[in-house]
Amino acid sequence: MERWALVSGLRGDLDLYERIQRDLSTQRGVESLFVLGDLIGPERNCDALLERLRQPKRGDLKPDCIYGWWEEQLLAERGYRGDQNAQVLRREHGDDAVDALLKAVDERHLPWLASLQFGFIELDCALIHGSSADIGDRLTSETSPLILLDRLTRLDVNRLFTARSGQQFRLELTGGAIQSHVKDTAGEQQQEQAVPKRSVIGIGQGAAFSLYDAATDRLDFMRAGEPCVTPRRT
Amino acid sequence: MTPMAHAVISCLHANLAAVEAVLEDIDRQGIETITCLGDLVGYGPQPNEVVQLVRERAIPTCQGCWDEDIIDGLNACECSYPSQLAERRGHRAHHWTAEQMTDENKAFLASLPMTLRRDRLLFVHGSPNSQHEYLLPDMSAFAALERVETAGADTLFCGHTHQPYVRELSGGSIRVTVEQAGSEGATEQELTLPMRRIVNAGSVGEPRHGDTKATYVIHNDTSGEVTIREVEYDVAKTCQAIVDAGLPEVFAWRLSHGFEYAERADDASHVCER
């Protein structure tokens, strides 16, 4: 079965994208490239990268993109999200950051950015930028497993791939249970619910990306231009 | 009744006869503290009268999804309706209610908070996340616990489902293994989960628990005991008022049966207006 490349946080950096494409061309069996948002950012002009993502060069692994937190801020500020604007970006980074983001992306790209989906469901995996609760949700290896289980349950998937935190990690739910006692007008019921065996995977961002083989569940943490950094399973 | 008891009511839905009967039942027991979880209006024929009564009694109330819709318009749709038929009926009720209500009563609905909190007790209409989220008694126990725990409560009081229940979540744990880039091997951890409760107050004005009686709950702050109360009221009187008002007759039919058969025609083609 094919391997997936999972990338996020390019933030307009075409050089980085080309390095990742070169790395992927040396990897066996990588058939799909998913870019989980943050294609854009305020640091640099993003137009060249967006052109490349929309019209891949010959030899590029064709990218499938979703929108991320930075796209959400831009689209909100540009009026694509109803009455909302880039209030979170403005609150966290100020008006200058909003202005920089607006200058970083030409308006001709806005309809395409607005057409991107919130996430993909592939096999039993959800590929999203933040979480099923919010695009800005930063899931990390330290996030409470109760919250991670909730985010998995909301999408009814076995694996949730997330990018927002920038961390590269795999957290597997391996066991546990909870007792539920319900009393209503019809009587009382006691049930035990076991923790389902599910995983949350942080794919990294920028130069840190991941390769995943859905057939074997093998996950490799990568850095552009460097050897694999996946820990050995003990 | 001990003075530490308080009553929680929800989903009054403009049914004056039911609201009066429930308030009388609460008064008879000497309970002075009442909290209301919203949805004062919608479906029923007496929206102004019910809002007026809640205001006169100065009952602390949080905003329900119907209260929000009357203020913000139907763009507050969150796929609440299970079918297009149900949605059309809901829209008729919405427009009728919006026309009937006085500006003063609308302003009151607009002023309602999304949540009320008393120590470690949290009061919401649907869930801490949304007025439109249904916390059903059979939802994942872990997801249910997450709603209470993330909101920083010991007991979460909600309504919205129109089915009263008390759910205790206890003895929970989650084991995980974690791998990180650059770290050697995987680490194992175990999280012990706290005991939490969800108390659904059911519905005063539009019960859907298989009986026509209005429902609400009494919570004893000291012992933690929760009692689900069922109260008889003049159902026929409200049904007749629904028909007289020109509201969809299925609302009267539903009220006279106590369950939501008419709303179960799941329609896969339903598209959220948002």
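Residues numbered from 1 in each chain as written. Chains lettered and ligands numbered in written order. Predicted model: local features only at pLDDT ≥ 70, side-chain atom pairs only at ≥ 80, totals over all residues.

Trainee: Just to check I follow, could you spell out the overall build of chain B for this structure?
Mentor: If you tally the helices and strands in chain B, you get 8 helices and 10 strands. Taken over the C-alpha trace, chain B has a radius of gyration of 20 Å; the compact-globule value for 274 residues is 19 Å, and the two agree within 12%. Across the 274 residues in chain B, those meeting the buried criterion constitute 45%. Taking all contacts inside chain B whose residues are at least 6 apart in sequence as the whole, residues at least 24 apart take part in 75%. (Helix = DSSP H or I, 4+ residues; strand = E, 2+ residues; numbered from the N terminus. Rg over C-alpha atoms; globule rule 2.2 N^0.38 Å. Buried ≥ 20, exposed ≤ 12 C-beta atoms within 10 Å, placed from the backbone. Contact = placed C-beta atoms within 7 Å.)

Trainee: Just checking my understanding: could you explain the packing of helix H7 (residues 235-245) of chain B against helix H8 (residues 249-257) of chain B for this structure?
Mentor: Helices that pack against each other are described as a pair by the angle of their axes relative to one another and the distance between those axes. All names here are of chain B. Across the interface, H7 lies against H8 with an axial gap of 8 Å and an inter-helix angle of 170°. The pairing of H7 with H8 is recorded here as roughly antiparallel in orientation. On the side of H7, the interface is formed by Val-235, Thr-238, Cys-239, Ile-242 and Val-243, while H8 contributes Glu-249, Phe-251, Ala-252, Leu-255 and Ser-256. Of the residues belonging to the contact of H7 with H8, the class tally is 7 nonpolar, 2 polar and 1 charged. (Axes fitted to C-alpha atoms, helices over the stretch in contact; angles between N-to-C directions. Parallel < 35°, antiparallel > 145°, perpendicular 65-115°, else oblique. Nonpolar A, V, L, I, M, F, W, Y, C, P; charged D, E, K, R; others polar.)

Trainee: Explain unusual backbone geometry to me, please; I cannot follow it from the model alone.
Mentor: For residues that are not glycine, phi is negative in most cases, and the peptide bond is trans in most cases. Residues and elements named next belong to chain B. The residue Ala-14 is not glycine, and still its phi comes out positive at about 55°. By the secondary structure assignment, Ala-14 is in the loop between strand S1 (5-9) and helix H1 (16-28). Using a count of 32 C-beta atoms within 10 Å as the deciding quantity, one classes Ala-14 as buried. We note that Tyr-43 has phi near 75°; this positive angle belongs to a residue other than glycine. On the secondary structure map, Tyr-43 appears in the loop between strand S2 (33-36) and helix H2 (47-56). Here Tyr-43 falls in the buried class, since 29 other C-beta atoms lie within 10 Å of it.

Trainee: Please explain the pairing of S1(B) as it appears in this structure.
Mentor: For a regular strand, the rule is simple: side chains alternate between the two faces of the sheet. Residue and element names in this part refer to chain B. Counting buried residues along S1, 4 of its 5 residues qualify, which places the element largely inside the surrounding structure. Here S1 pairs with strand S9 (residues 214-220) via 4 bridges, running antiparallel. When the sheet's bridge partners are listed, His-6 is paired in S9 with His-219. Bridge analysis of S1 against S2 gives 4 bridges, and the strand direction is parallel. (Pairing = 2+ DSSP bridges.)

Trainee: Looking at this model, I keep getting lost on helix H2 (residues 47-54) of chain A. Mind explaining?
Mentor: An α-helix turns once every 3.6 residues. As a result, residues three or four positions apart point the same way. Residues and elements named next belong to chain A. Taken residue by residue, H2 has Leu-49, Leu-50 and Leu-53 as its buried positions. Down the axis of H2, the buried set is contained in an arc of 100°. They therefore lie on one face. Lining the buried residues of H2 we find helix H1 (14-25), strand S2 (30-36) and strand S3 (63-66). (Arc of directions from axis to C-beta.)

Trainee: Please explain the pairing of strand S10 (residues 226-231) of chain B as it appears in this structure.
Mentor: All names here are of chain B. Where S9 and S10 come together, 6 bridges link them in antiparallel fashion. Within the sheet, the bridge partner assigned to Tyr-216 lies in S10 and is Arg-229. Between the end of S9 and the start of S10, which pair antiparallel, lie 5 residues, with Gly-224 showing a positive phi angle near 80°.

Trainee: What is the right way to look at the sheet that holds S10(B) in this model?
Mentor: Adjacent strands of a sheet form backbone hydrogen bonds with each other and so pair up, either parallel or antiparallel. Residue and element names in this part refer to chain B. One open sheet accounts for 4 strands, arranged S2-S1-S9-S10; its pairing is mixed. Here the strands that pair on one side only, and so sit at the sheet edges, are S2 and S10. Direction aside, the axes of adjacent strands within the sheet are offset by 25° on average.

Trainee: Sorry, what's going on with the interface of chain A and chain B here?
Mentor: By convention, interface size is frequently given as the accessible area that disappears when the constituent parts associate. Counting residues at the interface gives 35 residues for chain A, matched by 39 residues for chain B. If you tally residues by element for the side of chain A that touches chain B, the top one is strand S7 (residues 168-184) of chain A, at 17 residues. Residues that form the side of chain A that touches chain B fall into these classes: 15 nonpolar, 13 polar and 7 charged. Bridge count between S7(A) and strand S6 (residues 165-180) of chain B: 14 bridges; the pairing is antiparallel. Bridging from a neighbouring strand, Leu171(A) pairs with Val178(B) of S6(B).

Trainee: What is the right way to look at the nonpolar core in this model?
Mentor: The tendency in soluble globular proteins is for nonpolar side chains to be buried as a group. In terms of nonpolar packing, the biggest core is built from 123 residues, with Leu6(A), Leu36(A) and Ile9(B) touching the most fellow members. Ranked by residues supplied to this core, first place goes to H1(B) with 7 residues. Not counting chain neighbours up to four residues away, the residues in contact with Leu36(A) comprise Leu6(A), Ser8(A), Ile66(A), Gly68(A), Leu127(A), Ile128(A), His129(A), Phe161(A), Ala163(A) and Ile203(A). (Core = buried A, V, L, I, M, F, W, Y, C linked by C-beta atoms within 7 Å.)

Trainee: Quick question: what am I supposed to make of the sheet that holds strand S11 (residues 218-223) of chain A here?
Mentor: Residue and element names in this part refer to chain A. One open sheet holds the 5 strands; their spatial order is S3-S2-S1-S10-S11, and the pairing between them is mixed. Either end of the sheet is taken by a strand with one partner, and the two such strands are S3 and S11. For this sheet, the mean inter-axis angle between neighbouring strands, taken without regard to orientation, is 25°. Note that S2 and S3 share 4 bridges and pair parallel. Its bridge partner lying in S3, Leu-36 is registered against Ile-66.

By themselves, these observations are geometric and do not establish any function.
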